[in-house]
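# Overview (structure and organization)
Spelled out from the first residue to the last, the chains are:
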Amino acid sequence: MFKRFCKIALLAMTIAISIPALTVHAEDQNWQVNLKDADISAFIGQIADITGKSFVIDPRVKGKVTVVSTETMNTEAVYELFLSVLKVHGYAAVPAGDVVMVVQQNSVKQQGRDLEEKFKKQSQEMVTKVIMIKNTPALDLVPILRPLVAKYGHLAGVKSANALIISDHASNINRIEQIIDRLDKSGSEELEVIQLKEAWVGNVVTMLQSLDPDKVAQGKGSSSGGAGSIRVVADERSNRLIIKGEKTSRERIRILIQQLDKPSYFSGSTKVIRLKYADAKKLAELLKGVMSESDSGSKDANKAKGKASIHADEELNALVVRAEPSILKEIDEIIHELDVRRAQVLIESAIVEVTGEVSDSLGFQWALGDTDNPVAGTNFGNAGQSLSTLAAGVASGTPTLSNGLTLGGFKETNGQVDFGVILQALESQSNTNLLSTPSIMTLDNQEAEIIVGQNVPFLTGSTSSSANSNPFTTISREDIGVTLKIKPHIHEGNELRLEVEVSAESVANTTVQGQADLITNKRSLKTMILAADEETIVLGGLISDDIVETESKVPLLGDIPLLGWLFKSKSTQHVKRNLMVFLRPTIVLDKQKATTLTQDKYNGVWEFDLSGDLEVDDVNRRMSRLFKGVQLSN
């Protein structure tokens, strides 16, 4: 019985953990752990009491554990011992919020802890970590490091981010990080500049990259090569190569570059470049000027580049370029930037002239005596035809009357008129509305002109002398009508500078030295203005109000009140003109807008109507359609 009691006491002592009573200051206490064939669930329960953590145990976690310790440990050391015991038996503790899950190691990859949560490097916790690789491609390290990761762990590479994702115990991840740090060293990489004398850097870089694209990367891209990779950058300005990589790699590339840097026996290549919008002749002159200026650069660089031969084919509107590939590429890029669709400008203008004229005429004319021998009378011509003109018409048998009202009376003696009187009265009113709306489309910085009118003949000289056997008449012809000449300049921000010339001419009849002739009425404007896109702007105008009064009378008798009207003739003419010139530019940058404007103009053709009188309201309606709300007033 005594032996049995000793055995039980000994077993209890080996299972028990020599700790004092647990208090709120348990972290200041030390424990010594000794276990033999203890149930793992009981072991986890004791760790929960010591550390104060809450554990959730997977039902598959089963077995017996044995722990032998000769030294006391604090709370943190006890927990690390606990993690080591779990690792030995194929289990792991995974923090999940306020609790710790005890699961099989194979499940840790799907139930890992938060990546932002901190942990000790030598801890036995199962963690997942993202390691960024600076110099070496991450995918190259995966086959090297995979044997170092536990079977239940995880290792993968991300090419786009050049990073590794590792899921394993923290202590093992720390060891792998040290290995990565030694493999990912960039201290041996240095920069080296190589000056080329014969070859052109652009050709050399292309050739090196085509030979081994995995080992040689151009400066514009990111290198994807593994160990021994090198980066090559071309400095076209000075015809130099800048290489970066390890010493052995640089030496290998340097030897190859020296073999390639030999005089070229190739005279260049030829390319025909068809132009879409630019003028071949002008563009060829521009490119020749640019290439000639570049000849003033470095002697070695120019020797490597060579010279370019540029010719224009005006019939095909194409350029024929012969040069070294590097120069040919440079010229092609310049042409691509210059051969673009040029902006156009639609210029719409309106020349509006509203004229009103009112005239009043009233006069008396009388004569005493017969028509052959008049004794006295008045003869006025400002209110109609004069008395002498009327008498001459009657005597010739072809009498004519002037405009307006004409009343006459006479007294005969022995068949002869011995007294006659004529009353003439006229009131007339005329309104003239002229609306000319010339419009023209032109390229930016290109002068355009439109003329709408007639070619009118003017007599300049003649002879009909009997002494001249060859009588002749000389005539010159002049364009008479509406002329619009404009040159637009588009500035940044849809602003335009416009050089404008507008003129409106018309022909009127006149008499020169008793002969019928023509005179030209001309209204012109020449200016330079600033306007925004689709902005209506007034260029100038003229408002005139003319009043002309003409009175003819007999002295003294014409001043008698009331009776004086029998001895005078009076006419009044009132003319009022309102002339304005408007303009609206529209920038056309693409084909779609040009098509839309064309369709609008085409639709406006069918709105043209000649019926009815053209009043100011009609002009307003047309102006509103043209210039979006511009109104005229009487």
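Residues numbered from 1 in each chain as written. Predicted model: local features only at pLDDT ≥ 70, side-chain atom pairs only at ≥ 80, totals over all residues. Heavy atoms only, no water.

## Here's the deal with the sheet that holds strand 5 (residues 99–104)
The 3 strands are arranged 2-5-4 in an open sheet whose pairing can be described as mixed. Two strands lie at the open edges of the sheet, namely strand 2 (54–57) and strand 4 (91–96), each paired on one side alone. Ignoring which end each strand starts from, the neighbouring axes of this sheet average 30° apart. Both strand 2 and strand 5 contribute to a ladder of 4 bridges, which runs parallel. Looking at strand 5, one finds that V56 is bridged to M101. Its contacts with the sheet put helix 3 (residues 75–88) on strand 2, strand 4 and strand 5, and the angle it makes with strand 4 is roughly 130°. (Pairing = 2+ DSSP bridges. Helix = DSSP H or I, 4+ residues; strand = E, 2+ residues; numbered from the N terminus. Axes fitted to C-alpha atoms, helices over the stretch in contact; angles between N-to-C directions. Contact = heavy atoms within 4.5 Å.)

## Things to note about the sheet that holds strand 15 (residues 318–323)
Taken in spatial order, the 3 strands of this open sheet run 13-15-14, and their pairing is antiparallel. The open sheet has two edge strands with one neighbour each: strand 13 (269–274) and strand 14 (309–313). On average, each strand axis in the sheet is tilted by 15° relative to the strand beside it, whichever way the strands run. The pairing of strand 13 with strand 15 spans 6 bridges and is classified as antiparallel. Looking at strand 15, one finds that V272 is bridged to V320. Helix 10 (residues 325–338) rests against strand 13, strand 14 and strand 15 of the sheet, and its axis sits at about 155° to strand 15.

## Details of the packing of helix 2 (residues 40–51) against helix 3
Relative to each other, helix 2 and helix 3 sit at 160°, their axes nearing to 10 Å. With respect to helix 3, the axis of helix 2 lies roughly antiparallel. Note that helix 2 runs across helix 3; the crossing there is left-handed. Only T75, V78, Y79, F82, V85 and L86 of helix 3 make contact with helix 2, whose side of the interface consists of I40, F43, I44, I47, I50 and T51. Residues of the contact of helix 2 with helix 3, tallied by class, amount to 10 nonpolar, 2 polar and no charged. (Parallel < 35°, antiparallel > 145°, perpendicular 65-115°, else oblique. Left-handed = near helix turned anticlockwise from the far one by under 90°. Nonpolar A, V, L, I, M, F, W, Y, C, P; charged D, E, K, R; others polar.)

## Observations concerning helix 5 (residues 170–183)
In an α-helix there are 3.6 residues to a turn, and that puts residues three or four apart on one side. Taking 1.5 Å of rise per residue, 14 residues should cover 20 Å, and helix 5 covers 20 Å from first to last C-alpha, within 8% of that figure. All buried positions along helix 5 are accounted for by A170, S171, N172, I173, N174, I176 and I180. Where helix 5 is buried, its residues meet strand 6 (126–132), helix 4 (138–145) and strand 8 (163–169). (Expected span 1.5 Å × (residues − 1). Buried < 20%, exposed > 50% of the residue type's maximum accessible area, 1.4 Å probe, protein only.)

## Section: the side chain of T442
You can see T442 is positioned in strand 20 (residues 439–443). From its side chain, T442 meets the backbone oxygen of Q446 in a polar contact 2.8 Å long. If we ignore the near neighbours within four places in the chain, the residues touching T442 are Q344, V345, E447, A448 and P488. (Polar contact = N/O pair within 3.5 Å; in protein donor to acceptor, adjacent residues only side chain to side chain.)

## Some words on the nonpolar core
Core analysis: the biggest nonpolar cluster contains 24 residues, and F55, Y79 and F82 have the highest contact counts within it. Of all the elements in the fold, those that place two or more residues in this core are strand 1 (35–39), helix 2, strand 3 (64–67), helix 3, strand 4 and strand 5. For this core, the leading source of residues is helix 3, giving 6 residues. With near-sequence residues (within four places) excluded, F55 lies in contact with I44, I47, A48, Y79, F82, V100 and V102. Judged by nonpolar contacts, the second largest core, of 22 residues, contains I440, L496, L498 and L525. (Core = buried A, V, L, I, M, F, W, Y, C linked by side-chain atoms within 4.5 Å.)

## With respect to a nonpolar patch on the surface
Residues L191, V193, V233 and I242 make up a contiguous nonpolar surface patch of roughly 330 Å² in combined accessible area. Counting through the fold element by element, L191 comes out in strand 9 (residues 190–195). Classification of L191 by relative accessible area gives exposed; the value is 65%. (Patch = residues over 30% accessible without salt bridge, like charges linked within 9 Å, V, L, I, M, F, W, Y side chains within 5 Å. Areas by Shrake-Rupley, 256 points an atom, 1.4 Å probe, with all protein chains shown as cover. Salt bridge = Lys/Arg side-chain N within 4 Å of Asp/Glu carboxyl O.)

## Section: the pattern of salt bridges
Evaluated as defined, the whole model comprises 12 salt bridges. A salt bridge links R254 to E192; the shortest N-O distance between them is 2.6 Å. Of this pair, R254 sits in helix 7 (residues 247–260) while E192 is found in strand 9, placing the two residues 62 residues apart along the sequence. With a relative accessible area of 24%, R254 lands in the partly exposed category. Relative accessible area serves as the criterion here: at 18%, E192 is assigned to the buried category. Its salt-bridge partner being E348, residue R584 comes within 2.7 Å of it at the nearest N-O pair. Separated by 236 residues along the polypeptide, R584 in strand 26 (residues 568–588) and E348 in strand 16 (residues 344–369) bring together distant segments of the chain. In this pair, the class of R584 matches that of E348, namely buried. When salt bridges that share partners are traced, they join E192, R250 and R254 into one network.

## Focus on the packing of aromatic side chains
Here a ring pair, both rings aromatic, is described through the centre-centre distance and the interplanar angle of the planes. Throughout the structure, instances matching the rule amount to 2 aromatic pairs. When the ring of F43 is compared with that of F82, the centres are 5.7 Å apart and the planes differ by 50°; the resulting orientation is tilted. Of the two residues, F43 sits in helix 2 while F82 sits in helix 3, which places them 39 residues apart along the sequence. Assigned by exposure class, F43 and F82 land together as buried. A ring pair is formed by F55 and F82, whose centres lie 5.3 Å apart and whose planes are at 65°; its orientation type is edge-to-face. Of the two residues, F55 sits in strand 2 while F82 sits in helix 3, which places them 27 residues apart along the sequence. The pair F55 / F82 is uniform in exposure class, with both members buried. Here a set of aromatic residues connected by ring pairs shows up, and it is made of F43, F55 and F82. (Phe/Tyr/Trp six-rings, centres within 6.5 Å; stacked < 30°, edge-to-face > 60°.)

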